[in-house]
Amino acid sequence: MAVIVALALGLALAIQAWIVKPYQIPSESMEPTLDVGQRVLVNRFLYHFQDPKIGDVVVFHPPRGADGEGPQCGVPGGQPKVGEPCPKPTSERSDQNFIKRIVAGPGDQLSIRNGHPVVNGVEQTDEPFINPCGGGESCNKPRTIKIPADHYFMMGDNRGASDDSRYWGPVPRDWLIGEAFATYWPPNRVGGL
């Protein structure tokens, strides 16, 4: 009996470490797609076999600074130019986990207009899953940046209440944990993403 329990525990830990891991949503930054306290399952191995895509909802380690420790943006002085999204993350990753949506990938040219990403000159307004930005400086960052190789620009679906790549820059691919693919709690929100 003890061997069966040990094997079951070992299997459960291995699945969480390498295949699928559950996460709880800590903030309102992904509303209305994901609510505070909702739980998701994250595919930890998918990005070993394919590239992340625009539109993927991912769990990742943000740059240090996004967690409130030190400068947020990796440019000299810690602040991007006025009207510019942060073009470069800090060099160290945070130990915290964030969940956001990929809105731009490696090599893309990006600015922000009315809370929508403008990717390679095209405003992405077909985003029925977002809460509108509501105006203000964070909703409009008209200066264009280029996303570095192997980096991804993340934004929360609750555009007016999300601390995201606009402030702390694109996220290196190595810091991505995996794609959220399903919700399992609460029962009335069970389903795919």
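Residues numbered from 1 in each chain as written. Predicted model: local features only at pLDDT ≥ 70, side-chain atom pairs only at ≥ 80, totals over all residues. Heavy atoms only, no water.

For the structure on display, the rule yields 4 aromatic pairs. Considering the side-chain rings of F45 and F49, the 6.3 Å spacing of their centres and the 75 degrees angle between planes classify their relative orientation as edge-to-face. By relative accessible area, which is 33% here, F45 ends up partly exposed. With centroids separated by 5.8 Å and ring planes inclined at 70 degrees, the aromatic side chains of F98 and W168 adopt a geometry described as edge-to-face. Taken together, the residues span a long stretch of sequence, with F98 in strand β4 (residues 98–104) and W168 in helix α2 (residues 165–168) at a distance of 70 residues. W168 matches F98 in its accessibility class, with the two residues each being buried. The structure contains a cluster of three or more aromatic residues connected by ring pairs, namely F60, F98 and W168. A cation sits over an aromatic face here: R101 above F129, 3.8 Å from the ring centre. (Phe/Tyr/Trp six-rings, centres within 6.5 Å; stacked < 30°, edge-to-face > 60°. Buried < 20%, exposed > 50% of the residue type's maximum accessible area, 1.4 Å probe, protein only. Helix = DSSP H or I, 4+ residues; strand = E, 2+ residues; numbered from the N terminus. Lys NZ or Arg CZ within 6 Å of the ring centre and 35° of its normal.)

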